[in-house]
Amino acid sequence: MPKKPTSAPGATPATSDTARSLYAVAVITALIGVLVGTAATVAWVERTGARSSASQPAPQWVTPSEVRATTRDGTIVKARVALDAVNASNRSAVERRMQQVGLVLELSIGSHSRHELVAPDGISQLAADMLQRLNDYLVAQGADPLRSVAIQDLWYTTR
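Just so we're clear, the structure is a prediction, and the values are computed from it rather than from any experiment.

Rules used throughout
Residues numbered from 1 in each chain as written. Predicted model: local features only at pLDDT ≥ 70, side-chain atom pairs only at ≥ 80, totals over all residues. Heavy atoms only, no water. Salt bridge = Lys/Arg side-chain N within 4 Å of Asp/Glu carboxyl O. Helix = DSSP H or I, 4+ residues; strand = E, 2+ residues; numbered from the N terminus. Buried < 20%, exposed > 50% of the residue type's maximum accessible area, 1.4 Å probe, protein only. Expected span 1.5 Å × (residues − 1). Arc of directions from axis to C-beta. Contact = heavy atoms within 4.5 Å.

J.: So, the pattern of salt bridges: which residues are in play, and what are the values?
T.: Two side chains of opposite charge can pair, provided their charged atoms sit close to one another. Considering all chains together, one arrives at six salt bridges under this definition. Across the salt bridge formed by aspartate 153 and arginine 80, the nearest N and O atoms sit 2.3 Å from each other. In this pair, aspartate 153 is assigned in strand β4 (residues 148-157) and arginine 80 in strand β3 (residues 76-85), connecting sequence segments 73 residues apart. Looking at arginine 80, the relative accessible area reads 37%, which means it is partly exposed.

Rendered as structure tokens:
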């Protein structure tokens, strides 16, 4: 019975072992290169992210109690919103006027219809309207305007 060759034809066992070793070293080097590249990329992203977030102050969220209102077409709406004040003093100014802020939010909801609220951009339009009305009120009261209004939840029922 003939013997099976253990290496490629014309290659000696020493060159076959050397080729395997070089292949293993190349694979390990490539893996290390990928890991180092990934680590460098993550470090760069974290560094640039830290610079961009440092340029903008952290949000000063104010959360009024649940707002209940009736839209102009009779839809009963309940909403939870969060207001982003510019700084701590603005947050205090908004908190001192929380009853009036709630009324302004009710007026904003009341100026819309159910069809406007359920439209594809309805929530964003309502948030923009709330922001505009609140900022008009706050500036008239001598307070700084809000940065944004986030609608957390919105429920509605029809009569």
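J.: Account for helix α3 (residues 98-110), with residues named and values stated.
T.: Taking 1.5 Å per residue as the helical rise, α3 with its 13 residues ought to reach 18 Å, and the 18 Å between its terminal C-alpha atoms agrees with that figure. For α3, the set of buried residues is Val101, Gly102, Val104, Leu105, Ser108 and Ile109. End-on view of α3: buried residues confined to an arc of 160 degrees, all on one side of the axis. In α3, the exposed positions angled more than 90 degrees off the buried face are occupied by Gln99 and Leu107. In this structure, the buried residues of α3 make contact with β2 (67-70), β3, α2 (88-96) and α5 (122-140).

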